[in-house]
Amino acid sequence: MSDSLRPITLAQWDRRYRELRSAGLCEPKYGGPLRRHVDGGDVRLTQLRMDGSAASLRLWNFLLSEEARLHEAASGGVKLVGTMKDLGTIPVMAFALDNVVAFYPDGAWWLPCVMQRNSDAMALADRLGIDDSFCPVRAMLGAFAGGGHFPIPGLLTCSVGATCDDFSAIAQRVEHLGHPILWWEIPHRRSPEPGERAVLLPGGLRAPASTVAIVREELDRVRRALEDYAGQSLDDARLAEGIRRANDVRRLLAELRRLVYRSEPCPLPALEMQIAEMMAIHFCSDRTEVVVVLEELLNEVRRRTSRRVGVAPRGAPRVYWVNPVADLRAMNLIEESGFRLCGADYMLCHALELIPEDLPPIEALARIALSDPMVGSAADRAALVCREARQNGAEALVISRIPGASHCGMEGSLLADEVSGRLDIPVVEIEVPPVLDAMEPTLRTRLEALAETVMARRRASQDASAEEAARVRPFEDSN
Amino acid sequence: MISGPACHAAAYWHPLVPPEWIAASGLRPRWIRLRSEGRPAAAGLRRGVCPFAAGMLEADIGDAAALILTTTCDQMRYAAGMVASRRPGGLFLFNIPHTWQTAASRSLYRQELERLGAFLKSCGGREPTPGALAEQMRRYDAARADARRRCEMLSAVDAAALLAAVRGDLTATRAYAEDASARNPAGRQTLCETPSLGPSADGLLGPNEPSESGLRLAIVGGPLLADDPLLSAVELRGGRVVLDASEGGVRTLPVPLDPARLAADPLNALVDAYFDGFPDPFRRPNERFYEWLGEAIVARRVQAILLHRYLWCDTWHAESDRLRQWSPVPVLELESVDINGAFDGRKVGRLDAFLEMLR
């Protein structure tokens, strides 16, 4: 690893920022020193290690300025759509309209981490009976109840059906607080019956045509609601343009993922990669700016790969990560434990797939929505995880449980069994709380042990290969 | 798949699976009621796993040729994945929509019924004809009407058993086994026409009126175990469960059939009865649950509510605070952390204190 690329602390970022400014750094309107976000309440930044590039500075500022940008947009008369749970489909539709911005209130699930005690969202959720046996997304309920975070959108949509119970139940409580929600059904994606007409989805999974038809009907209903709200037509031409723009973002991310996850050494830390991938779902509320942010990040990664420098030692053990983490600090532990990230499934894989542009737009969006691995079986999800893990040479896999999430209780063991059977790599299941400080020694120990296991397996494999070569050589020599 | 005579059972646990559809397909409906094992279910103690869903993984379905699980909660959806890995054949995951007010969701429910029918046929059943379906629907409708009347006169434990019986194989309960349409033109059986009683649920069809005294309580929540001590514990302490709004109680019985709709299109009538207006908090939106409960509280003169839920059941847990805020009567929340059936000291103490407060 190049020392100059080692992730840096916030204090180091204060100096780094001054250096960049002295060197002529040009910033967007939302730019500035990261320290100001801490002053604004995002105290977790003081515990994180962040990539020290100008591109990562822009990424962080883009992420951390989202609330302020949403408030500014709302004040300027922009219509806000709060899209819940679907992670990547409805924003494509909403952003196809003029003067409309979509965002995920679900993103409040990081408030307990990023703001720690500076946010009362969790306390408010507690008072409403949604305690810490629920997923950290309960902060969303607190955010709606107390205000003081994102502006309340004028239209709320929420996908339900094959979705996690806790989110659905919390969203229902949001509605009870007086925020009407347009609920739309995302059915469980089952395998087609023998002889049943089936559709190939983006990503390679299959679904019955009848299920796609249901989702198509539901998305049409959402489309009409968006039209009513925005006072504009959302015809196929506009939707097609929206899909094309979304695909621009997805292509950037595809290239970023290819370079970051496959290059040696790893050119970008796991923390920045998770944030970058999250941009896919709603463009961090700015569909135009996100392209600039991701292009800068991609250019930085290209520079590093051409110079063969990175943030982890060459040959570091390769780990595949499953599920987003409630505490961003956990992503630092990947490199700190000796690993480099070689792939991830942050529960938004369908937001990374290209949306077909050769189909009627609503049909294309219905297929993308159904391609979400989370709406099908754990076996389907495991198959996709294994495919990417194998492609990227994963030597270990970590399943990061989300505390209180209804799917994690059983899904973890289902995934672990499938992956172990298919890939023959060690699998570890950990749980990452919203603030992991008290658990950090335990988590670090487990990850370090996993990295050591990988290295031991490598040595054993190399020794076995050497022995085999030595066994064969006398015969070759004699020939 | 099992072949041979169409006399096999299909086991199911969720009230939105119509037993009459199973019966019309030529299989015997078997309503699953978990029983306590007298020991903690190991998976039920796993962090984040609902003990009831974990219990379903270990459920003994006997010789049933088919097991029907549903997508009404995420825990069960993933439990189905675990069952599928252990029991590849004979499992049907019924895709039940969470939305209910749209044509799409209703259509999905009907499609799933048809798919279930095809599955049951592959398990040794037959394709239900409209006539066979209508007959089974009349039979079950009459049995439910009779059970509703009788429940008001039975202890909570006996009422729960009777309601379980009318969700299962009616041929196993002599009183309900005969062709309802042969009894009277309205197709309804009445107590005075009941033949001599047989075993099991038949024993509940005789007069056994509980005392009219005692606090009038409602039990609301998820599924109770077949041998759940809660019901008897309430009655031993002078309470009287006048409304069983648990998952196996009257709340989840389908609405009475519309005879005209039944004659015209039995399958649509089945969808009407089951799907439209099913009052449960898992539905989105779930206002129908509160509407139903509000009416039932008035009709049954309920004085207090016992909310029973399982640890890690987000659906009921999330509603507990709202229920308390909404309810016109006091609410006590009782959480079950496993399914070993223990009515532990904590629950006993809380129940005693609650009942004492109410007197």
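Residues numbered from 1 in each chain as written. Chains lettered and ligands numbered in written order. Predicted model: local features only at pLDDT ≥ 70, side-chain atom pairs only at ≥ 80, totals over all residues. Heavy atoms only, no water.

(A) Representation of the overall build of chain A within the structure. Broken down by element type, chain A carries 18 helices and 10 strands. The C-alpha atoms of chain A give a radius of gyration of 23 Å, which matches the 23 Å a tight globule of 479 residues would have. Once the C-alpha set of chain A is aligned to its principal axes, its extents read approximately 85 × 65 × 45 Å. Within the span of chain A, comprising 479 residues, buried residues form 63% of the whole. Excluding contacts between residues fewer than 6 apart, the proportion of contacts in chain A whose partners are at least 24 apart in sequence is 75%. On chain A, roughly 17300 Å² of surface is accessible, and the fraction owed to carbon and sulfur atoms is 50%. (Helix = DSSP H or I, 4+ residues; strand = E, 2+ residues; numbered from the N terminus. Rg over C-alpha atoms; globule rule 2.2 N^0.38 Å. Buried < 20%, exposed > 50% of the residue type's maximum accessible area, 1.4 Å probe, protein only. Contact = heavy atoms within 4.5 Å. Areas by Shrake-Rupley, 256 points an atom, 1.4 Å probe, with all protein chains shown as cover.)

(B) Structural view of the interface of chain A and chain B. Listed by partner, the interface residues are 48 residues for chain A and 44 residues for chain B. The contact between chain A and chain B buries some 3700 Å² in all, and 54% of this surface belongs to carbon and sulfur atoms. At the junction of chain A with chain B, the criterion picks out 3 salt bridges. Across the salt bridge formed by Asp321 of chain B and Arg173 of chain A, the nearest N and O atoms sit 3.2 Å from each other. Between chain A and chain B we count 23 residue pairs in polar contact (both at pLDDT 80 or more) in total. Counting only elements with at least two residues in the side of chain A that touches chain B, the list comes to strand E3 (155–161), helix H9 (165–176), strand E4 (182–186), helix H10 (209–230), helix H17 (408–423) and strand E10 (427–431) of chain A. A per-class count over the side of chain A that touches chain B returns 17 nonpolar, 15 polar and 16 charged. (Buried area = accessible area lost by both parts, 1.4 Å probe. Salt bridge = Lys/Arg side-chain N within 4 Å of Asp/Glu carboxyl O. Polar contact = N/O pair within 3.5 Å; in protein donor to acceptor, adjacent residues only side chain to side chain. Nonpolar A, V, L, I, M, F, W, Y, C, P; charged D, E, K, R; others polar.)

(C) Expanded view of the layout of surface pockets. In this structure, the second largest pocket occupies an estimated 900 Å³ of space. Taken together, 31 residues form the lining of the second largest pocket, with His188 and Ser191 of chain A together with Ala84, Leu91 and Leu93 of chain B sitting closest to its centre. Looking at the lining of the second largest pocket, the elements that each hand over two or more residues are helix H16 (378–391) and H17 of chain A together with helix H3 (74–86), strand E4 (91–94) and helix H4 (103–122) of chain B. Here the element with the most residues in the lining of the second largest pocket is H3 of chain B; it accounts for 6 residues. (1 Å grid on protein atoms, 1.4 Å probe; cavity = no way out; pocket = protein on both sides within 12 Å on 5 of 7 lines; lining within 4 Å. Points joined across faces, edges and corners; volume = space filled by probe spheres on them.)

(D) A look at the confidence of the model for chain B. Residues and elements named next belong to chain B. Of the residues in chain B, 85% have a pLDDT of 70 or more, and the chain-wide mean is 86. At the low end of the mean pLDDT range in chain B sits helix H7 (residues 174–177), at 74; at the high end sits helix H1 (residues 19–24), at 98. Of the regions scoring below 50 in pLDDT, residues 180–200 engages in 44 contacts with residues more than four places distant in sequence or in other chains. In the predicted assembly, ipTM is 0.93 and pTM is 0.93. (pLDDT = per-residue confidence, 0-100.)

(E) Structural context of the packing of aromatic side chains. Applying the stated rule across the entire model yields 15 aromatic pairs over all chains. Both rings, one in Phe144 of chain A and one in Phe150 of chain A, keep their centres 5.2 Å apart while their planes meet at 70°; by these two values the pair is edge-to-face. Phe150 of chain A matches Phe144 of chain A in its accessibility class, with the two residues each being buried. Seen from their ring centres, Tyr109 of chain B and Phe275 of chain B are 5.0 Å apart, and the 25° between their planes marks the pair as stacked. Separated by 166 residues along the polypeptide, Tyr109 of chain B in helix H4 and Phe275 of chain B in the loop between helix H10 (266–274) and helix H11 (287–299) bring together distant segments of the chain. Cluster of aromatic residues (ring-pair linked, three or more members): Phe92, Phe94, Tyr109, Phe119 and Phe275 of chain B. Lying across the ring of Tyr30 of chain A, Arg69 of chain A places its NZ or CZ 5.8 Å from the centre. Note that Lys79 of chain A overlies the ring of Tyr229 of chain A, its terminal NZ or CZ placed 5.0 Å from the centroid. (Phe/Tyr/Trp six-rings, centres within 6.5 Å; stacked < 30°, edge-to-face > 60°. Lys NZ or Arg CZ within 6 Å of the ring centre and 35° of its normal.)

(F) Broad picture of the state of the cysteines. Residue and element names in this part refer to chain A. One pass over the structure, following the stated rule, counts 0 disulfides over all chains. Here Cys386 stays free of any disulfide, with the sulfur of Cys342 as its closest cysteine sulfur at 12 Å. Judged by relative accessible area, Cys386 falls into the buried class, the value being 2%. (Disulfide = S-S within 2.5 Å.)

(G) Structural context of the side chain of Ser371 of chain A. Here Ser371 of chain A lies in the loop between helix H15 (361–370) and H16. In this structure the side chain of Ser371 of chain A is engaged in a polar contact, spanning 2.6 Å, whose partner is the backbone oxygen of Ile368 of chain A.

(H) Molecular detail of empty space enclosed by the protein. All names here are of chain B. The tally for this structure, following the rule as stated, stands at 6 cavities of 30 Å³ or more. Roughly 250 Å³ of internal volume is contained in the largest cavity. Forming the walls of the largest cavity are 21 residues, and the residues nearest its centre are Trp13, Cys73, Glu247, Cys313 and Trp316. Secondary structure elements with two or more residues in the lining of the largest cavity: helix H2 (51–57), H3, strand E7 (304–310) and helix H12 (314–326).

(I) Summary view of the pairing of strand E7 (residues 318–322) of chain A. Residue and element names in this part refer to chain A. Counting buried residues along E7, 5 of its 5 residues qualify, which places the element largely inside the surrounding structure. Residues Arg318, Tyr320 and Val322 point to one face of E7 and Val319 and Trp321 to the other, with burial holding for every one of them. Bridge count for E7 against strand E8 (residues 340–345) is 5 bridges, and the pairing is parallel. Residue pairing across strands places Val319 opposite Leu341, the latter belonging to E8. For the crossover from E7 across helix H14 (residues 329–336) to E8, the handedness is right-handed. Strand direction decides the pairing type here: E7 and strand E9 (residues 396–401), joined by 4 bridges, are parallel. Residue pairing in the sheet places Val319 in a bridge with Ala396 of E9. (Pairing = 2+ DSSP bridges. Right-handed = clockwise from strand over helix to strand, strands pointing away.)

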